[in-house]
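What follows is the residue order along each chain.
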4 protein chains.
Amino acid sequence: MADIEFRPTASDYVFTFGGVAPVRKVEPGDVLRLWSEDAFGGVLQRATDRPTELLDTRYLNPQTGPFYVEGAEPGDTLVLHIVDLTPARDWAASTTIPFFGGLTSTDRTRLLQEPLPELTWIYQVDRTRNVALFEAQRPVAGREPFSVELPLEPMLGTVGVAPPLREVRTSLTPDNFGGNMDTPEMRAGVTVYLPVNVPGALFSIGDGHYRQGEGESCGTAIEGAMDSTLIVELIKGRAPAWPRLENDEFIMTVGSSRPLEDAWRIGQVEMVHWLGELHGIDHLDAYQLLTQISLTPIANVVDANYSAVTKVRKSLLPEVPAYDAIHRDLRARAAGVR
Amino acid sequence: MADIEFRPTASDYVFTFGGVAPVRKVEPGDVLRLWSEDAFGGVLQRATDRPTELLDTRYLNPQTGPFYVEGAEPGDTLVLHIVDLTPARDWAASTTIPFFGGLTSTDRTRLLQEPLPELTWIYQVDRTRNVALFEAQRPVAGREPFSVELPLEPMLGTVGVAPPLREVRTSLTPDNFGGNMDTPEMRAGVTVYLPVNVPGALFSIGDGHYRQGEGESCGTAIEGAMDSTLIVELIKGRAPAWPRLENDEFIMTVGSSRPLEDAWRIGQVEMVHWLGELHGIDHLDAYQLLTQISLTPIANVVDANYSAVTKVRKSLLPEVPAYDAIHRDLRARAAGVR
Amino acid sequence: MADIEFRPTASDYVFTFGGVAPVRKVEPGDVLRLWSEDAFGGVLQRATDRPTELLDTRYLNPQTGPFYVEGAEPGDTLVLHIVDLTPARDWAASTTIPFFGGLTSTDRTRLLQEPLPELTWIYQVDRTRNVALFEAQRPVAGREPFSVELPLEPMLGTVGVAPPLREVRTSLTPDNFGGNMDTPEMRAGVTVYLPVNVPGALFSIGDGHYRQGEGESCGTAIEGAMDSTLIVELIKGRAPAWPRLENDEFIMTVGSSRPLEDAWRIGQVEMVHWLGELHGIDHLDAYQLLTQISLTPIANVVDANYSAVTKVRKSLLPEVPAYDAIHRDLRARAAGVR
Amino acid sequence: MADIEFRPTASDYVFTFGGVAPVRKVEPGDVLRLWSEDAFGGVLQRATDRPTELLDTRYLNPQTGPFYVEGAEPGDTLVLHIVDLTPARDWAASTTIPFFGGLTSTDRTRLLQEPLPELTWIYQVDRTRNVALFEAQRPVAGREPFSVELPLEPMLGTVGVAPPLREVRTSLTPDNFGGNMDTPEMRAGVTVYLPVNVPGALFSIGDGHYRQGEGESCGTAIEGAMDSTLIVELIKGRAPAWPRLENDEFIMTVGSSRPLEDAWRIGQVEMVHWLGELHGIDHLDAYQLLTQISLTPIANVVDANYSAVTKVRKSLLPEVPAYDAIHRDLRARAAGVR
């Protein structure tokens, strides 16, 4: 149960899930303290910086990893517990990349209109007071400049393993291997269950967000370098079809596809199966029960696949710990990790 | 400011938005106490009842109304404040209607597979303890019968006005006129802002749910007759393009369309405009701000259009009351309505 | 077997399917000679005309009808055979309506980008030579003015009956009642089979296109007033779930919904059923057979629902005339109609 | 200008675009004579063969290639001209794979219904008479056994290059790199223009279909081993954003994404740009022109992305040969290739 710190150098960054050699081997039980660069590679630093001038699509969303988990075999379940997420800088950036985002045409929803203007917002971050300062960039005639402090709610946009079927996907993609799901549920205190597709699982993380609304409307959150503390665990077998999450209050599933209803359907069916496993009920009863208790925040409507979360509040149901109560155990161990 | 009680008889039910004469004229300021039948017309009463035997698609989701609001003209904003929703029965029903629901093929997502089995769940409702009893209908070999009590969280699936452009839509449809949006946000304490499309607005309500998860997965919530208390108000002009909601904590918009991402886009753009109006900021700044603070629970993925909600927590932003603080005023008046 | 000519006056136009009284009663066997205005109500006449200045959304796509067919009852099949379509003017118009069309954001695919420029193209029509002249409206520096003559291929964008379930839909909408399907297959020589939903069927036609590509990309074809000659027939019972078409070469089905794959699925399942009926084969065999012989031109990706056509070439299969060979009979009768 | 024959052994097959070493280097101008296995790896041979027993998802759709094209650099345009496609066997297979296909729920459109039955159809192929025999597999009570001969129309389901951005995709996927587009337009006489993303382009082909309807409804065409004769060419620079095709009659574009309307939009915008390039017209004039002349057969609604084709008949427009008339040149050279 090593305590491993890893801070990638520029040459360590990877931009895919799959297709790259591991930076390190880790053991189940290890604590990892990882630094990750922001999704822009750290190059957007001023409100006058323009994405088309500074961003190179080949180097977006650098990942920290991948890590080879000893003993992980296809069909196993990789377990990652997020102990802590701490912003690593006192500023962060967001921007409107032309033809990228939820309320613009894109390379897929390809239309003939002009792109939205390129703008960059630099957020000053006060880590003591736990706030980031939004400042409006486009003055409105006759109005005072607008600014507002928003509470920090750090999360990781990207957590994933190597895909199945020999695929290599960019770190901009969420799918059944996890990846760029961009859900605010990926915060400290959550346990993530991912299917292992290749020996060693080869997981990586990145895309720290100091805060993000559900949907990630414009495509970029309050993007910032992040210090992440994780505990790695492994369950032999029992690989879920799609990513599952658990925190003290909820069990959750994440589906990623297009159109958005398919992302939702994936997460819902995964939850029907999970409820069936946990409570020993038929899938039609689980369907009915889920109908009345499901919470379904959208995660992203901007990435290569859209992602939707299905949540079930654990307190509504009889207490049946998932995966042999590993989340509870990890929470206890996390308390001992500073 | 009359206090009007209306309990429809069987011949009073309507099954459309638009296309029917009003049951009553009301004035802005009036309090309405309305009884509504459940979405099944009250015919599903036993777990052995089968929808294909008992339900007639011509008589689904009976509405209470429509009401003609004196002074309401196209372009105005109808305001409905939900003072109270109280289950009117000590039982409620849910069911799997063949080829209807979110995790089955339908008349639109038309496939060749066999339908899911028809099942009916009758929930016993304890209004004192505020719970409904879910009982699993399909025994699983080697397992105890499963049941669980779920807290009541009464809501209205359907609140709407007559559509624009002379259209008449079934009460199963949500769209820019409101209608069958099926969002759990439609509960006591919420104020609804709807565009007026025809003289008198011609609003109706119905489809009481004693509880519903987000998405309404199987297509039917815990469906029950409801006693609803509303206050009716009217704002001249200022019609929103799509339904807006407000409660003490949130301002909200609801988009309804297919695919689901379009429902989300509609609600998001409506909120971008609303934030711009309230805070005097450019739409690109509102887009950026919304990106970081949006909450986006799905409402339904089962109706003629899918619905998605966009929520913004009011406490995150400078205090600027919407619509001249009419919600606050209505909350105060509601306190005086028993 | 009357021969009826009907040319609506301005006050005769209707803008919905359902919700309006019939202009005339007709009998099965009657020949109808109908004049229809263009989808713009005839108001776009010059290349400088701008849709936002001249078009009123309440008066788009005027229909000629509805006609009450004696003897038509819900569950019956209305049969319309298009004997002839002849352009009624020597000019026609097309335009880019802001936020309407397939390659722009819309009121549903609601985005934040600026609309495309409003442009109008007036086509000079030479009915002798059967061509319409396209002239480019936006000069390109250093290039000659561009123009090209396109062959006329007259079709009706809109053919439909009153909807089921008491609904009234704008004439801009295609659905299971037919309506604004905008398929180039709706040309002279085709027989249309529509489900009857209300007594008398209440069908109407309109939206003449002198020519249209599949998909109707920008939302408006070469729109022109049309002289249509139809024969009306009625089959008792046997209502298809969705519109079916037949010409000398093909049997066809049309599905209309969103997203576009659902429109396709609808038409495909309808064709699986039709092949099963005609050839006495199981639906899985029909599915396999259709997989190898289906032709699937998209009809529209711009209307309230998108439409997709499924075609099967009759000569590929054993000769089994559909609907008791009524198409062949109508073709023979059409030969006798001038 | 070599004339190269290549018949892969079992160990030569590849199952991805990208991520594998080339089997051979070729020069622009070379003629390639390639054998490809069917999409099932040749294992479905009898009507009693069941896909879940015999197919391994890791070994579906084996590709012949990849070939490294000397001189091809990112940004260049790979040109492949299909001289000839000849069925290499006297039988072929099609099947219903559980949860795969257009009229069933899938791993993405994930629902709770039971899968369709697994069936396999073996087609006897008469290469002299150019027909394949369909035989119904599920007898219908009281009906004669049904069979019908269908004309062979050989095509390649899969033609693609290595993807951009370091990605590796399964050979089941169509995207901007081509791949599993499954369009019947990919037949003898067509010239394909693909963007080069990596040095050498690394193209491969496979997935021979002796015949396929548009949409590939059940997910598998009449799948058979194929002898393909190609000419390889290279245009420096000028990479299209998405695959373009040309035959004697049409220029064509192919978009691949989900939902299906996005696949259509991609191909349409690509064609708007192509028309603009060819005819020197503004994109709004090209949009208008395309609206009136576009043909849009769906290619597939079953693969990882859906594909839609946009076609423009060359004879409708002034003669402006695309890519310096390379198609005409290739047709001439093809005539000299036996």
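Remember, predicted model here, so these are calculated numbers, not experimental data.

Enquirer: Can you explain the overall build of chain A? Please cite residues and give values.
Expert: Across its full length, chain A holds 4 helices and 22 strands. In terms of C-alpha radius of gyration, chain A reaches 20 Å, essentially the compact-globule figure of 20 Å for 338 residues. When its C-alpha atoms are laid out on the principal axes, chain A stretches across 60 × 45 × 40 Å. Looking at chain A as a whole, 67% of its 338 residues qualify as buried. Across chain A, contacts joining residues at least 24 apart in sequence account for 77% of those joining residues at least 6 apart. Taken together, the 30 basic and 46 acidic charged side chains of chain A have centroids lying 1 Å from each other.

Enquirer: Outline the packing of helix 2 (residues 260-279) of chain D against helix 3 (residues 283-293) of chain D, supporting the account with residue identities and numerical values.
Expert: Residue and element names in this part refer to chain D. Relative orientation of the contacting elements helix 2 and helix 3 amounts to 115 degrees, with a least axis distance of 9 Å. Our pair here, helix 2 against helix 3, has a crossing hand that is right-handed. Of the residues in helix 3, those in contact with Gln268, Met271, Val272, Leu275 and Gly276 of helix 2 are His283, Ala286, Tyr287 and Leu290. Residues belonging to the contact of helix 2 with helix 3 are distributed by class as follows: 6 nonpolar, 3 polar and no charged.

Enquirer: Give me the lowdown on the relation of the copies chain B and chain D, citing residues and values where you can.
Expert: Superposing the two chain copies requires a rotation about an axis and a translation along that axis. Once chain B is rotated about the relating axis by 180 degrees and shifted along it by 0.0 Å, it coincides with chain D to within an RMSD of 0.0 Å. Taken together, the rotation and translation relating the two chain copies correspond to the operation of a two-fold axis. Taken together, the interface assignments show that 100% of the residues at the interface of chain B recur at the interface of chain D, consistent with an identical surface on both copies.

Enquirer: Explain the relation of the copies chain C and chain D to me, and be specific about the residues and the numbers.
Expert: Rotating chain C by 180 degrees and translating it 0.0 Å along the rotation axis places it on chain D, where the RMSD comes to 0.0 Å. Of the residues that chain C buries at the interface, 100% are likewise interface residues in chain D, meaning the two copies contact each other through the same surface.

Enquirer: Describe in detail the interface of chain B and chain D, supporting the description with residues and values.
Expert: Facing the 15 residues of chain B at the interface are 15 residues of chain D. Buried area between chain B and chain D, both sides added, is near 1000 Å², and the carbon and sulfur share of it is 61%. Taken together, the connections running from chain B to chain D amount to 0 salt bridges. Remark: the boundary between chain B and chain D carries 6 residue pairs in polar contact (both at pLDDT 80 or more). Across the side of chain B that touches chain D, the residue classes tally to 7 nonpolar, 5 polar and 3 charged.

Enquirer: Outline the sheet that holds strand 20 (residues 250-257) of chain A, listing residues and values.
Expert: All names here are of chain A. A sheet is described by the order of its strands in space; here 9 strands give the open sequence 1-4-18-6-15-19-20-22-21, paired in mixed fashion. Strands at the two margins of the open sheet, each flanked by one partner only, are strand 1 (3-6) and strand 21 (298-300). In this sheet, neighbouring strand axes are inclined to one another by 25 degrees on average, regardless of whether the strands run parallel or antiparallel. Pairing of strand 21 with strand 22 (residues 306-313), which is carried by 2 bridges, proceeds in the antiparallel orientation. Across the sheet, residue Asn300 finds its bridge partner in strand 22, namely Ser307. Its contacts with the sheet put helix 2 (residues 260-279) on strand 15 (191-195), strand 19 (244-246), strand 20, strand 21 and strand 22, and the angle it makes with strand 20 is roughly 145 degrees.

Enquirer: Requested: an account of the interface of chain C and chain D, with residues and values cited.
Expert: Taken together, the contacts link 69 residues of chain C with 69 residues of chain D. Applying the counting criterion to the chain C and chain D interface returns 2 salt bridges. The salt bridge partner of D:Asp282 is C:Arg138, with a shortest N-O separation of 3.2 Å. Applying the counting rule to chain C against chain D returns 41 residue pairs in polar contact (both at pLDDT 80 or more). Contributions of two or more residues to the side of chain C that touches chain D are made by strand 7 (91-95), strand 8 (120-126), strand 9 (131-135), strand 10 (147-151), helix 2 (260-279) and helix 3 (283-293) of chain C. For the side of chain C that touches chain D, the element with the most residues is helix 3 of chain C, which contributes 10 residues. Per-class residue counts for the side of chain C that touches chain D are 36 nonpolar, 22 polar and 11 charged.

Enquirer: Can you lay out the sheet that holds strand 20 (residues 250-257) of chain D for me, pointing to particular residues and giving the numbers?
Expert: Residue and element names in this part refer to chain D. Ordered by their spatial adjacency, 9 strands build an open sheet running 1-4-18-6-15-19-20-22-21, and the pairing between neighbours is mixed. Looking at which strands have only one partner, the edges of the open sheet turn out to be strand 1 (3-6) and strand 21 (298-300). Put simply, the sheet's adjacent strands are angled 25 degrees from each other on average, direction ignored.

Enquirer: How would you explain the pairing of strand 6 (residues 77-87) of chain A if you had to name every residue and give the values?
Expert: Residues and elements named next belong to chain A. Most of strand 6 sits inside the fold, with 9 of its 11 residues counted as buried. Examined bridge by bridge, strand 6 and strand 18 (residues 226-235) share 10 bridges and lie antiparallel to one another. What sits directly across from Leu80, in strand 18, is Val232.

Enquirer: So what about the packing of aromatic side chains? Which residues, and what values?
Expert: A full pass over the atoms with the stated rule returns 36 aromatic pairs over all chains. The interplanar angle of 45 degrees and the centroid separation of 5.5 Å between the aromatic rings of B:Phe17 and B:Phe177 together place this pair among those described as tilted. With B:Phe17 in strand 2 (residues 16-17) and B:Phe177 in the loop between strand 13 (174-175) and strand 14 (178-179), the pair connects residues that are 160 residues apart, well separated along the chain. Its relative accessible area of 2% is what places B:Phe177 among the buried residues. An aromatic cluster is built from A:Phe6, A:Phe67 and A:Phe203, whose rings are joined through pairwise contacts. One cation-aromatic arrangement involves A:Lys311 over A:Phe250; the distance from NZ or CZ to the ring centre is 4.1 Å. Over the aromatic face of B:Tyr68 sits the side chain of B:Lys25, whose NZ or CZ is 4.5 Å from the ring centroid.

Enquirer: Which residues make up helix 4 (residues 326-335) of chain B, and what values do they have?
Expert: Residue and element names in this part refer to chain B. Among the residues of helix 4, those classed as buried are Ile326, His327, Leu330 and Ala334. All buried residues of helix 4 fall inside an arc of 95 degrees around its axis, so they share one side. Exposed residues lying more than 90 degrees from the buried face of helix 4 are Arg328, Ala332 and Ala335. In this structure, the buried residues of helix 4 make contact with strand 6 (77-87), strand 15 (191-195), strand 18 (226-235) and strand 19 (244-246).

About the criteria used
Residues numbered from 1 in each chain as written. Chains lettered and ligands numbered in written order. Predicted model: local features only at pLDDT ≥ 70, side-chain atom pairs only at ≥ 80, totals over all residues. Heavy atoms only, no water. Helix = DSSP H or I, 4+ residues; strand = E, 2+ residues; numbered from the N terminus. Rg over C-alpha atoms; globule rule 2.2 N^0.38 Å. Buried < 20%, exposed > 50% of the residue type's maximum accessible area, 1.4 Å probe, protein only. Contact = heavy atoms within 4.5 Å. Lys, Arg positive; Asp, Glu negative; His and termini not counted. Charge placed at Lys NZ, Arg CZ, Asp CG, Glu CD. Axes fitted to C-alpha atoms, helices over the stretch in contact; angles between N-to-C directions. Left-handed = near helix turned anticlockwise from the far one by under 90°. Nonpolar A, V, L, I, M, F, W, Y, C, P; charged D, E, K, R; others polar. Least-squares fit on C-alpha atoms with pLDDT ≥ 70 in both. Buried area = accessible area lost by both parts, 1.4 Å probe. Salt bridge = Lys/Arg side-chain N within 4 Å of Asp/Glu carboxyl O. Polar contact = N/O pair within 3.5 Å; in protein donor to acceptor, adjacent residues only side chain to side chain. Pairing = 2+ DSSP bridges. Phe/Tyr/Trp six-rings, centres within 6.5 Å; stacked < 30°, edge-to-face > 60°. Lys NZ or Arg CZ within 6 Å of the ring centre and 35° of its normal. Arc of directions from axis to C-beta.

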